[in-house]
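# A structural walkthrough
What follows is each chain in one-letter form.
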Amino acid sequence: MVECPCGTKIENPSKYSLLFLKKELFEIDILCPNETCYLRELGYIRFHMSGEEAMFREASFYPPFVTWNATQMGKDAAQRVLKEHLRDIVTKRISWREIVQTMKPGSSGAEVQEISTRFATTKVDAVGDLRSVGNLRSNTVLWYGVDGRRRH
Ligand SMILES: [Zn+2]
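Cut-offs used in this document
- Residues numbered from 1 in each chain as written.
- Predicted model: local features only at pLDDT ≥ 70, side-chain atom pairs only at ≥ 80, totals over all residues.
- Core = buried A, V, L, I, M, F, W, Y, C linked by C-beta atoms within 7 Å.
- Buried ≥ 20, exposed ≤ 12 C-beta atoms within 10 Å, placed from the backbone.
- Helix = DSSP H or I, 4+ residues; strand = E, 2+ residues; numbered from the N terminus.
- Contact = placed C-beta atoms within 7 Å.
- Arc of directions from axis to C-beta.
- pLDDT = per-residue confidence, 0-100.
- Pairing = 2+ DSSP bridges.
- Axes fitted to C-alpha atoms, helices over the stretch in contact; angles between N-to-C directions.
- Parallel < 35°, antiparallel > 145°, perpendicular 65-115°, else oblique.
- Left-handed = near helix turned anticlockwise from the far one by under 90°.
- Nonpolar A, V, L, I, M, F, W, Y, C, P; charged D, E, K, R; others polar.

### As for the nonpolar core
Generally speaking, nonpolar side chains in soluble globular proteins are found buried as a group. Counting 25 residues, the largest nonpolar core has I45, I89 and V90 as the members making the most contacts within it. Mapped onto this core, the elements with two or more residues apiece are β4 (27–31), β5 (41–50), β6 (53–61), α1 (63–73), α2 (75–93) and α3 (96–103). For this core, the element with the highest residue contribution is α2, accounting for 5 residues. The residues touching I45, leaving out its near neighbours within four places in the chain, are I28, I30, A59, I89 and V90.

As structure tokens, then:
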């Protein structure tokens, strides 16, 4: 079972809170469901716009979260489970349609937009082939999109 270092259990990928706050950075935050969590940000999803389509770029969990789970269930299991979570968030939990709407110029899109997870109408073709890259050294878990590039 995946767990946040704050002690909150994350039974499945639908438990994360997703926040689309960094519109100008094309970044969606993956948050701990516990609102008083001291870490709060557990990871991120990045994308870019190609015309009117949102193209998935990469998704990652941050080292503190990955390390914590690696100590709980072992490195290999943590990598595997967390990758599944990233994939599920990207392909099922995010309404890319809503993201595209929000990205449109002149969209009334509030600065802070809670991403609805009610609509599992993800545009899977915008995700492309996901390639997984587990970086054990830096204790991050990454998913790359088709044209994903490592950026640091
Ligand atoms: Zn937490």
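### What to know about α1
Listed in full, the buried residues belonging to α1 are F65, V66 and N69. For α1, the angular spread of buried residues about the axis comes to 95 degrees, placing them on one side. Once α1 finishes, G74 follows within two positions and takes phi at roughly 95 degrees, a positive value.

### A closer look at unusual backbone geometry
In this structure, F26 takes a positive phi of about 55 degrees despite not being glycine. With respect to the helices, strands and loops of the structure, F26 is situated in the loop between β3 (17–22) and β4. Non-glycine residue R40 carries a positive phi angle of around 60 degrees. Mapping R40 onto the fold places it in the loop between β4 and β5. By C-beta crowding, R40 is classed as partly exposed, having 15 other C-beta atoms within 10 Å.

### Focus on the confidence of the model for the protein chain
Across the protein chain, the average pLDDT comes to 75, with 69% of residues at or above 70. Under a pLDDT of 50 for its full length, residues 109–138 has, in the predicted model, 57 contacts with residues more than four places off or in other chains. pLDDT under 50 marks residues 146–152. Its contacts with residues more than four places away, or in other chains, come to 4 contacts.

### Things to note about the pairing of β6
Across the 9 residues that make up β6, a large majority, 7, are buried. Relative to β6, β5 is paired through 8 bridges, and the arrangement is antiparallel. Residue pairing for β6: G43 is matched across the bridge by F61. Between the end of β5 and the start of β6, which pair antiparallel, lie 2 residues, with G51 showing a positive phi angle near 65 degrees.

### Concerning the packing of α1 against α2
In contact at an axis separation of 7 Å, α1 and α2 are set at 125 degrees when each is read in the N-to-C sense. Relative to α2, the element α1 is oriented oblique. As for the relative orientation of α1 and α2, their crossing is right-handed in sense. Across the interface between the two elements, V66, N69, A70 and M73 of α1 pack against K75, A77, A78 and L82 of α2. In terms of residue class, the contact of α1 with α2 is built from 6 nonpolar, 1 polar and 1 charged.

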